[in-house]
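The residues making up each chain are set out below.
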Amino acid sequence: MLKLWGRTNSTNVKKALWCLEELQIPYTRVDAGGAFGVVDETHYIAKNPNKLVPCLEDGELVLWESNAIVRYLAAQYGQGSLWESHPAQRAQADKWMDWVTATLAAPFRPVFWNIVRTAPEQRDMASVQASLDACGKLLAIPDQALATQPYLSGESLGMGDIPLGCYAYAWFEMPIERPDLPHLRRWYEQLQRRPGYQTAVVTPLT
Ligand SMILES: N[C@@H](CCC(=O)N[C@@H](CS)C(=O)NCC(=O)O)C(=O)O
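Note that the structure is a prediction, hence the values are computed from the model and not measured.

1. Section: the sheet that holds strand E1 (residues 2–5)
With mixed pairing, the 4 strands of this open sheet are ordered in space as E2-E1-E3-E4. Strands with a single pairing partner mark the edges of an open sheet, and in this sheet they are strand E2 (27–30) and strand E4 (61–64). For this sheet, the mean inter-axis angle between neighbouring strands, taken without regard to orientation, is 15°. Relative to E2, E1 runs parallel, the two sharing 4 bridges. Paired with Leu4 across the two strands is Arg29, which belongs to E2. Contacts between helix H1 (residues 11–23) and the sheet are confined to E1 and E2, with E1 contributing the most and set at about 155° to the helix. Along the sheet, helix H3 (residues 66–77) makes contact with E1, strand E3 (55–58) and E4, crossing E4 at roughly 135°.

Okay, here's the thing in structure tokens:
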């Protein structure tokens, strides 16, 4: 059976978990990272020398990097659903996956860490405001894309929706001021109606 290493409150772990739930693949999950430790243990470092989560095991395959895990699960188990076989269409999904990691993740981090993981009196609110402004401008890009198509991956949910879907939960549920992004919100509300999203992503922000 597939084994996923990683704590459920990690956005990167949520990506893999949501795929597993969406594809209804039997799996076991082992708490690792953060307060659970494990990532510093020799056996784990042998699997993932970055000492980070998530890490997936599927038979002989040991795989780290959350987007690579999403792509693998979609290709191996999600043909006709999360995986798009047409290269041009799949490239659109790839684009959003890479955009989240390369562009959105860095400005998103100070917001999340200050608002969710830092006591109110210790928060760097100047950094939060600057990051919120940056994130608002960036999220206008998928908002615009979602004005003309139901999902980032196209006509139906695909792997391209997975990373931003995990960030969207924190974005819409943190007690922050958000710019009005109606298409992004409509998409987020659609994700909320998916049982797999509820199980894997809609968990307490900690
Ligand atoms: N690029 C990596 C980043 C992985 C990462 O930064 N994971 C964080 C959790 S989101 C982590 O393992 N932090 C240390 C820990 O939890 O102990 C990926 O996408 O998988």
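Structure's up, so let's keep going.
2. Regarding the domain arrangement of the protein
What the domain assignment reports for the protein is domain 1 (2–77) and domain 2 (87–197). Domain 1 and domain 2 are separated by 21 Å when their C-alpha centres are compared. The interface of domain 1 with domain 2 comprises 13 residues on the first partner and 18 residues on the second. There are 3 salt bridges connecting domain 1 and domain 2. With a shortest N-O distance of 2.7 Å, Arg194 and Glu22 are connected by a salt bridge. Taken together, the links from domain 1 to domain 2 amount to 6 residue pairs in polar contact (both at pLDDT 80 or more). Contributions of two or more residues to the side of domain 1 that touches domain 2 are made by H1 and H3.

3. Examining the pattern of salt bridges
Applying the stated criterion across every chain, the model contains 6 salt bridges. Between Lys47 and Glu57 there is a salt bridge whose closest N-O contact spans 3.8 Å. With Lys47 in helix H2 (residues 42–47) and Glu57 in strand E3, the pair connects residues that are 10 residues apart, well separated along the chain. For Arg71, the salt bridge goes to Asp94, with nearest N and O atoms at 2.7 Å. Here the residue Arg71 occupies a position in helix H3, and Asp94 occupies one in helix H4 (residues 87–117), the gap between them amounting to 23 residues. Using a relative accessible area of 23% as the deciding quantity, one classes Arg71 as partly exposed. Ionic contacts of the salt-bridge type, sharing partners, join the residues Arg71, Asp94 and Asp98 into one network.

4. Overview of the site of the ligand
Around the ligand sit Arg7, Ser10, Asn12, Gly33, Gly34, Leu52, Val53, Pro54, Glu65 and Ser66, and those are all the residues in its vicinity. A distance of 2.8 Å is found between an oxygen atom of the ligand and a backbone nitrogen or oxygen belonging to Gly34. Taking Val53, its main chain carries an N or O atom lying 2.8 Å from a nitrogen atom of the ligand. Protein burial of the ligand: of its 500 Å² of free accessible surface, 72% is covered by the chains. In this structure, the ligand is accommodated by the largest pocket. For the shell around the ligand, the class distribution of residues is 3 nonpolar, 5 polar and 2 charged.

5. Comments concerning empty space enclosed by the protein
Counted under the stated rule, the structure contains 1 cavity of 30 Å³ or more. Estimates place the volume of the largest cavity at around 40 Å³. Around the largest cavity, the lining residues are Asn9, Thr11, Lys14, Phe112, Cys166, Tyr169, Ala170 and Leu205. Only H1 and helix H6 (162–173) provide two or more residues apiece to the lining of the largest cavity. Counting residues per element, the lining of the largest cavity draws most heavily on H6, which supplies 3 residues. Taken together, the residues that form the lining of the largest cavity break down as 5 nonpolar, 2 polar and 1 charged. Looking at the lining of the largest cavity, you find at least three residues from each of domain 1 (2–77) and domain 2 (87–197).

Criteria and thresholds
- Residues numbered from 1 in each chain as written.
- Predicted model: local features only at pLDDT ≥ 70, side-chain atom pairs only at ≥ 80, totals over all residues.
- Heavy atoms only, no water.
- Pairing = 2+ DSSP bridges.
- Helix = DSSP H or I, 4+ residues; strand = E, 2+ residues; numbered from the N terminus.
- Axes fitted to C-alpha atoms, helices over the stretch in contact; angles between N-to-C directions.
- Contact = heavy atoms within 4.5 Å.
- Domains from an automatic or database assignment.
- Salt bridge = Lys/Arg side-chain N within 4 Å of Asp/Glu carboxyl O.
- Polar contact = N/O pair within 3.5 Å; in protein donor to acceptor, adjacent residues only side chain to side chain.
- Buried < 20%, exposed > 50% of the residue type's maximum accessible area, 1.4 Å probe, protein only.
- Near = heavy atom within 4 Å.
- Areas by Shrake-Rupley, 256 points an atom, 1.4 Å probe, with all protein chains shown as cover.
- 1 Å grid on protein atoms, 1.4 Å probe; cavity = no way out; pocket = protein on both sides within 12 Å on 5 of 7 lines; lining within 4 Å.
- Sits in = over half its atoms within 2 Å of the grid points.
- Nonpolar A, V, L, I, M, F, W, Y, C, P; charged D, E, K, R; others polar.
- Points joined across faces, edges and corners; volume = space filled by probe spheres on them.

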